[in-house]
Structure formats: structure tokens, C-alpha cells
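Structural characterization, general
Chain by chain, the residues:
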Amino acid sequence: MEHKLYIYNTLSRKKEQFIPLHDDRVGMYVCGPTVYSDVHLGNCRTFISFDLIYRYLLYLGYKVRYVRNITDAGHLEGDRDEGDDKFAKKAKLEQLEPMEIVQKYSIGFHEILSIFNTLPPSIEPTATGHISEQIEMVKAILESGYAYEIDGTVYFDVEKYNKDLPYGILTNRKLEDLLEGTRELGGQNEKKGRLDFALWIKAKSETLMQWPSPWGWGFPGWHIECSAMSTKYLGTTFDIHGGGMDLQATHHTNEIAQSQACNHTAPAKYWMHTNMLTVNGVRMSKTAGNGFLPKELFTGAHPLLERGYSPMTVRFFMAQSHYRSTLDFSNEALQASEKGFERLMDGYSRLQKLQASAVSSVDTTSLRSKCEEAMNDDFNTPIVIAHLFEALKAINLVHDGKETISAEDLEELKTVFSVFIEDVLGLKSEDETSGGNEAYKGAIDLLLNMRLEAKQNKDWATSDKIRNELTALGFEIKDTKDGFEWKI
Ligand code: AMP
Ligand code: ZN
């Protein structure tokens with residue numbers, strides 16, 4: 001199957017025509033979340049971007065096997081081979097089992113992505129469910145000579161690998177430059193080379209999650225899970241590997257080296273990277289403390305938010321920028337997207353009610369090909385939205401009786417709107433989504449204002465009743481100087 005789809009490939013740093021390895025089938029692997037805390041809106045941007053990509057590949061008729069993993073072991077703080085295990089640390093803090101942490105945040109992750117109307121992947125493998133595959137891969141890398149073991153920990157030998165294949169291929173960096181940017185090894189460090197990374201890490205006696213291996217009890221390094229699971233489900237070479245841009249330099253660079261060392265072939269043909277969501281120019285992240293949660297965004301309960309925004313407004317806001325551009329969050333931008341989304345959906349419902357005439361005086365016949373052309377140009381969703389807005393003008397003119405449209409053209413226009421708005425952009429009418437719409441927020445505000453009035457009238461029974469019943473429904477209500485705040 002051949003379409004004129006072009007994808008920007010990080011490996012070649014240019015747009016390349018997309019030609020799948022196996023005719024009409026596409027294998028796509030996307031690095032999923034590390035489920036030790038709530039996902040923030042930045043993480044959501046990456047997953048929503050890949051959802052748009054997945055949806056368009058399906059639109060083109062490909063049979064897509066979309067694999068997105070869940071990292072539930074092996075991810076140490078600082079993304080390197082040192083520091084505490086993220087899950088163990090959180091488990092101690094919350095006094096839970098590490099797998100309770102994993103369960104809690106996996107459920108939260110799925111809930112949020114479903115509120116954003118993203119399609120589930122075809123396979124969602126976990127690192128803990130694939131320990132033996134990871135051990136087998138480490139064994140193969142040791143056999144190929146690109147790894148070494150020191151006292152129960154196995155390291156990948158980057159300098160040795162770089163003698164045969166360029167280690168920094170993904171980011172186009174030479175080993176010498178990479179070495180320059182890395183800290184000297186401390187005296188007690190057992191690694192041979194500064195860039196060497198752990199494939200398998202020896203457990204301490206107090207390590208909560210550990211497994212037996214040929215090198216003793218331990219746990220896998222973070223990068224090996226993706227190499228092992230992508231190989232298992234998509235083969236040694238597959239079509240697309242994706243993730244956020246922050247994963248290029250270390251995680252994906254190491255994945256390529258591991259897969260090459262084990263399978264003697266490049267893992268993916270096209271590497272795709274989404275750009276970051278920023279807040280006032282600073283990348284949103286857990287550590288920067290600017291990572292508000294989707295739920296805070298829906299209710300407006302965060303100091304950075306002037307008010308809440310609905311899930312579809314946020315999805316539309318994301319689709320309005322290209323996945324390779326940075327996207328800066330601001331209240332103004334969200335408010336503009338809210339208006340834009342409303343205008344698009346109003347036009348879409350107006351379209352359903354248009355009357356056909358014998359002939360068309362407006363030309364809407366090229367809309368489908370214009371939208372396809374935009375998506376074929378590296379998934380350019382903002383251009384698709386611009387074309388849909390252009391078509392809204394024609395819809396309004398026909399609606400106002402100033403222009404006409406034939407039955408045939410009207411049918412096609414309806415199909416194109418429904419396919420691109422619902423199937424490709426994954427937008428749906430706000431009334432179907434919960435949690436964020438204005439009417440819902442208005443109703444809660446109304447109840448809490450009634451409670452305020454009751455309090456002023458010293459009608460404690462009513463005021464307590466409203467508070468208790470909302471609390472029982474899961475609302476958190478806070479009295480403030482000026483009135484109240486609430487969130488769910
Ligand atoms: P993590 O759970 O930290 O492993 O991240 C999950 C995914 O979210 C990765 O693909 C990251 O690249 C991506 N990500 C993290 N922060 C941001 C951000 N601010 N904007 C977009 N994507 C992000
Ligand atoms: Zn990964």
C-alpha cells in the first residue's frame with residue numbers, strides 16, 4: 001500500500017516518504033508512562049500527539065499494531081543508574097506495595113487518556129511482565145561482546161559499541177562530544193566508561209522489587225524493557241518508534257544500541273519525537289513543579305489557572321499546534337481554543353441541518369484532499385483545522401441563504417467533517433464529555449453560592465447538607481476569604 005505520507009524522521013533529520021516494511025501493516029512502538037505518580041498535561045501532550053498519528057494511519061487503511069508500554073520497574077531517579085527506584089520511593093512514602101503504586105497510577109493514566117478521547121493501544125505491555133525477555137536480551141548482548149558484568153550488575157559498553165556503530169546516531173553527536181558533556185566517574189564507580197549504562201542492576205537486600213537472574217538477584221535497567229518488548233511484539237525491525245523529544249539523547253539512543261547489539265539490525269525505520277509542552281517557556285515536568293494535572297485543568301484548581309477548561313478544549317488546543325513545535329500553555333491560548341472549538345462544533349451541527357439545492361454555488365469539493373494533503377505532510381493537524389474553518393465560511397453562507405450546495409456535495413462535506421473532526425482529530429461534542437463543561441461547573445457554583453447564603457442566614461442545616469452531600473460525591477470544598485473553592 002502506498003500513500004503520499006511523509007514523516008519527519010529524527011534519524012535522517014528530514015521528511016521521508018513513509019513506506020511500511022510490510023505492505024498494509026504498520027508496527028508502531030511508543031514509550032509509555034512511568035506509573036509512579038499522576039500524569040501531567042505534558043505527558044498527555046505526547047500521548048495525544050501519537051493518538052492523532054495512530055488515528056490518521058488507521059484512516060489511511062493501515063492495519064496498525066500500536067504498542068505502548070507501561071514502565072512499572074527499573075526507572076531510577078534522574079534517569080541514570082543511580083538514585084532510588086521511583087516506585088520504591090513512592091511506595092515508602094505512601095506506605096503501599098510498589099505494585100499498589102503501579103496499579104493506582106495506571107488506572108489514573110487510563111482514566112485521563114480516555115477523558116481526552118484517545119484510542120487504547122493494541123498492546124500495552126509492562127516491564128514487570130517481561131523480565132525473562134529482558135534477561136534473555138541482556139544475555140545476548142553479553143554474548144555479542146558489547147556488555148560486561150561487575151559484581152551482579154551488567155553494563156553496556158558504549159565505547160566498544162561505538163567502534164563498530166555510531167552510538168550517537170539519533171542525535172547526530174560524536175562520542176567525543178557526548179563524553180565531554182558527561183561527568184567524570186566518581187572513585188567508587190564500577191563502570192568502565194562514563195557513558196556506559198546498566199542493562200541489569202544488582203539488588204540491595206532492601207530492594208523491594210527484585211528478580212533472580214544469571215547475575216544474581218536484581219532488576220532490569222530502564223532502557224532494556226523497551227528494546228525487549230518492541231522486539232517481542234513488533235519484530236527486530238519495525239516501522240515507527242516514538243516518544244517525547246526528551247527521550248532522544250539517552251533512552252532512545254540506548255535502545256538503538258541495545259537492539260543493534262542483540263538483533264544486529266536497526267530497531268525502527270522511522271523515529272518520531274513530539275515536542276514539549278511548556279509553561280511560560282519552561283518545560284512542564286514533575287520536578288519543575290509546573291506540572292498541573294489534567295483534573296486541575298478541568299476544574300481550574302491550580303494557581304496558574306484562571307479557570308477550568310474542558311477536555312475537548314484542551315485536545316483541540318493541542319491539535320492546533322504541530323506535534324514537532326513547542327506548545328506553550330497560557331490561559332489566553334486556552335481561552336482562544338475554547339472559542340475556536342465552540343465555533344467549529346457549532347458549524348459542524350449547522351452543517352447537519354443545511355438544505356440542499358439543485359446546484360452548488362460554493363466549492364467544497366476539494367476539502368478532503370486538502371485535509372489529506374496536510375496530514376500527509378508529517379501530520380499537520382493545525383493546517384487541517386485551518387481548512388475546516390475555511391469550509392465553515394461556506395457552511396455559514398449556505399445557512400444564510402446567500403449561497404447554495406447540491407445534495408451530493410452536501411453529503412461529501414458532511415462525511416469529510418465527520419471523518420476529520422471525529423475520527424482523525426478525535427474531537428467530540430462537549431455534552432458527551434464529563435467533568436469539564438460549563439453547565440456542570442455552573443451548577444456546582446450555584447449550589448455553593450446557595451450554601452454561602454445559607455451560612456449568612458445562619459441556616460446551618462442547609463449549609464451542612466450541601467457541603468456533606470457534595471463531599472460524599474467526591475468534591476473537595478474549601479472555604480476561602482472571598483467565598484469558596486472546589487475541585488473533584
Ligand atoms: P515519563 O512518565 O516521565 O516517562 O514520560 C512519559 C512521556 O511523556 C515521555 O514520552 C516523555 O517524553 C513525555 N513528556 C514528559 N514531559 C513532557 C512535556 N512537558 N511535554 C510533552 N511530553 C512530555
Ligand atoms: Zn522506551
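Overview of the structure. As the structure is a computational prediction, the values presented were derived from the model and not from experiment.

**Digging into the sheet that holds strand β9 (residues 238-244)**
- With parallel pairing, 4 strands are arranged side by side in an open sheet as β4-β3-β9-β10. Only two strands of the sheet have a single partner each, and these edge strands are β4 (63-68) and β10 (268-274). Ignoring which end each strand starts from, the neighbouring axes of this sheet average 20° apart.
- As judged from the 3 bridges shared by strand β3 (residues 25-30) and β9, these two strands associate in the parallel manner. When the bridges of β9 are listed, Val 30 appears paired with Gly 242.

**Points about the side chain of Ser 106**
- Counting through the fold element by element, Ser 106 comes out in helix α3 (residues 98-115).
- When its relative accessible area of 10% is taken as the criterion, Ser 106 is described as buried.

**Observations concerning the coordination of the zinc ion (ligand 2)**
- Every protein donor of the zinc ion (ligand 2) is accounted for by Cys 31 (SG), Cys 226 (SG) and His 251 (NE2), and the metal-donor separations fall at 2.0 to 2.2 Å.
- Here the donor residues for the zinc ion (ligand 2) map to a single chain with the spacing C-x194-C-x24-H. Here Cys 31 is found in the loop between β3 and α1 (41-59), whereas its partner Cys 226 is found in helix α7 (residues 222-234), with 195 residues between them in sequence. Of the two residues, Cys 31 and Cys 226, both sit in the buried class.

**Section: the sheet that holds strand β6 (residues 153-156)**
- Ordered by their spatial adjacency, 4 strands build an open sheet running β5-β6-β7-β8, and the pairing between neighbours is antiparallel. Each edge of the open sheet is held by one strand with a lone partner, namely β5 (147-150) and β8 (218-220). Strand-to-strand, the axes of this sheet are offset by a mean angle of 20°, without reference to chain direction.
- Across 4 bridges, β5 lies against β6 in antiparallel orientation. Within β6, the residue paired with Glu 149 across the bridge is Val 154.

**What about the nonpolar core?**
- Judged by nonpolar contacts, the single largest core of 88 residues is most densely connected at Leu 41, Leu 57 and Phe 417.
- In terms of residue count, the dominant contributor to this core is α1 (10 residues).
- Both domain 1 (6-274) and domain 2 (278-432) contribute no fewer than three residues apiece to this core.
- The contacts of Leu 57, once residues within four sequence positions are left out, are Leu 5, Phe 18, Val 26, Met 28, Tyr 62, Val 64 and Ile 240.

Rules behind the numbers
Residues numbered from 1 in each chain as written. Chains lettered and ligands numbered in written order. Predicted model: local features only at pLDDT ≥ 70, side-chain atom pairs only at ≥ 80, totals over all residues. Heavy atoms only, no water. Pairing = 2+ DSSP bridges. Helix = DSSP H or I, 4+ residues; strand = E, 2+ residues; numbered from the N terminus. Axes fitted to C-alpha atoms, helices over the stretch in contact; angles between N-to-C directions. Buried < 20%, exposed > 50% of the residue type's maximum accessible area, 1.4 Å probe, protein only. Donors = N, O, S within 2.8 Å, 3.2 Å for Na, K, Ca; no water. Core = buried A, V, L, I, M, F, W, Y, C linked by side-chain atoms within 4.5 Å. Domains from an automatic or database assignment. Contact = heavy atoms within 4.5 Å.

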